[in-house]
Amino acid sequence: MIRIYNTLTQQKEEFKSIEPGKVRMYVCGMTVYDYCHLGHARVLVAFDVITRYLRHRGYDVHYVRNITDIDDKILRRAEENGERFTELTERMIRAMHEDEARLGVLSPTEEPRATGYIDEIVAMIHKLVASGHAYAADNGDVYFAVESFDGYGKLSKKKLEDLVAGARVDVQEAKRSPADFALWKAADEGEVSWPSPWGDGRPGWHIECSAMSTCCLGDTFDIHGGGPDLLFPHHENEIAQSECATGHEFARAWMHAGAIRVNKEKMSKSLGNFFTIREILESYPAEVVRYFLVSSHYRSQVDYSEDNLAEAGRTLTKLYHALRGVVPAKAGEVAETEHDRRFQEVMDDDFNTAGAIAVLHAVANDINQHRRDGQEQEAKESAAVLVRLGAVLGLLQQDPEAFFQADTGGELSAEDIEAMIQARTDARLAKDFAEADRIRDELADKGIILDDSRQGTTWRKA
Ligand SMILES: Nc1ncnc2c1ncn2[C@@H]1O[C@H](COP(=O)(O)OP(=O)(O)OP(=O)(O)O)[C@@H](O)[C@H]1O
Ligand SMILES: [Zn+2]
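These numbers come from a predicted model, not from an experiment. (Residues numbered from 1 in each chain as written. Chains lettered and ligands numbered in written order. Predicted model: local features only at pLDDT ≥ 70, side-chain atom pairs only at ≥ 80, totals over all residues. Heavy atoms only, no water.)

## Comments concerning the pairing of strand E1 (residues 3–6)
Right, so step 1: Judged by which residues are buried, E1 turns out to be one-sided: Ile-4 and Asn-6 face inward and are buried, whereas Arg-3 and Tyr-5, on the alternate face, are not.
Right, so step 2: Bridge count for E1 against strand E2 (residues 11–14) is four bridges, and the pairing is antiparallel. Each residue of the ladder has a partner; that of Tyr-5, found in E2, is Lys-12.
Right, so step 3: Between E1 and E2, which pair antiparallel and follow one another directly, the connecting turn spans four residues, one of which, Gln-10, has a positive phi of 55°. (Buried < 20%, exposed > 50% of the residue type's maximum accessible area, 1.4 Å probe, protein only. Helix = DSSP H or I, 4+ residues; strand = E, 2+ residues; numbered from the N terminus. Pairing = 2+ DSSP bridges.)

Shown next as structure tokens:
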């Protein structure tokens, strides 16, 4: 039985999919005007692991993650760059897909883009206006009337009175109540826009997600997820729009990932304290970054620091060390173990990946013990368990040698290193031990460590 912490009820609940064996999940994706940073990677990787685990538990998962490809920030940035907004968004979408692929994030089942759903968005707004939940202002904006929905605040536990009292009234806006929010924004002359019954304009951000999720997954679906700061107002507004438009419950379970922080502050573009995924991947192997993200529970806050990433590198290295030089037994030949059961137990408990990583280390310890005891077959079987559990987290799927030799960013290529090792082997055969040691030291100076064994010499980064 899988239990999921539901932000809506503020407790862990037994997960029962609406349709047996099927999970329909929607996650709010990126607004594509810049490169993704590590905070974005957190959300991408968290829901990737959740999808992988649900599939591992036999569910057919329909995972939808949208792309917000029209928005004021996008238009402003495109204008600054002197390019069409679609050029900017296409480039950023490509970059995001590259980053994701490097981090081992599987593609969602569907990736709808807001600009591809304008008709559906307009239709939903039309329904809301017709049923009195929204109104068109004289300036061509359309607003959602927050007071028309009794359930407003149920996700964020905010009280409507407080929101109304607290909201600042902007004289520019034609809202009836300060807590109302825009569904459609009238465009000025010459701005990017689409036609609508209320005049040319653009959709608001919240309605995009309501329209796309409902179109792809139906009125009611199993899981709605997103980053930490989307709970309010974005998700609260999505619930209001969707439940008023369809008359049905929107999402059953709401899941929110925790923030990546830098010096105790949320990593964000506006604070300027962010590191893009591609920047980080210049210094760290992608699997180390993924391991860093997966080794904390998805709801916890994670502090980004060089030390913490280096530590992730060291602990992942331990797992690969256990696998090194062992050919795993064929998966089908290895029965379920106590480790498999423990892994499932912790992952069933709200996707506790920190606990799951601890299980991987326990399996690695077994491999090491079997090797010390000369139990080759047992070592191979444990290695198979480690690789198959790793796969569920999207880890440990590389050949260990490839992991140890991952691009160092240093001056030596793998070919150079292999050539130097060959020269050292030749020197040793010729009993020129001084030369052999010199080559070894030269490699060590460049951060390459050699390991000699009966099978020959292998190398790894220091
Ligand atoms: N530091 C972070 N940790 C975890 N998730 C994050 C972090 N920053 C952003 N996200 C998530 O990434 C998605 C996109 O966020 P957004 O584009 O607003 O990024 P941002 O850097 O916070 O930008 P801004 O500072 O302009 O708000 C959202 O789901 C958001 O919750
Ligand atoms: Zn959304």
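Now, onward.
## So, unusual backbone geometry
Keep in mind that most residues, glycine aside, have a negative phi and that most peptide bonds are trans.
Right, so step 1: The step from Phe-232 to Pro-233 runs through a cis peptide bond, and the omega angle for that step is 0°.
Right, so step 2: Inspection of the secondary structure assignment puts Pro-233 in helix H7 (residues 231–246).
Right, so step 3: Of note in the backbone geometry, Asn-263 takes a positive phi value of approximately 45° without being a glycine.
Right, so step 4: Owing to a relative accessible area of 70%, Asn-263 belongs among the exposed residues under this scheme.
Right, so step 5: Phi is positive for Asp-350, which is not a glycine, with a value near 55°.

## As for the nonpolar core
Right, so step 1: Grouped together as the largest cluster of nonpolar side chains are 132 residues, with contacts concentrated most on Leu-38, Leu-54, Phe-343 and Leu-393.
Right, so step 2: It is helix H1 (residues 38–56) that provides the largest number of residues to this core, a total of 11 residues.
Right, so step 3: Setting aside residues up to four positions removed in sequence, Leu-38 forms contacts with Ile-260, Met-267, Phe-275, Ile-277, Ile-280, Val-289, Phe-292, Leu-293 and Tyr-304.
Right, so step 4: Among the nonpolar cores identified, the runner-up in size contains nine residues, and Leu-412, Ile-421, Leu-443 and Ile-448 belong to it. (Core = buried A, V, L, I, M, F, W, Y, C linked by side-chain atoms within 4.5 Å. Contact = heavy atoms within 4.5 Å.)

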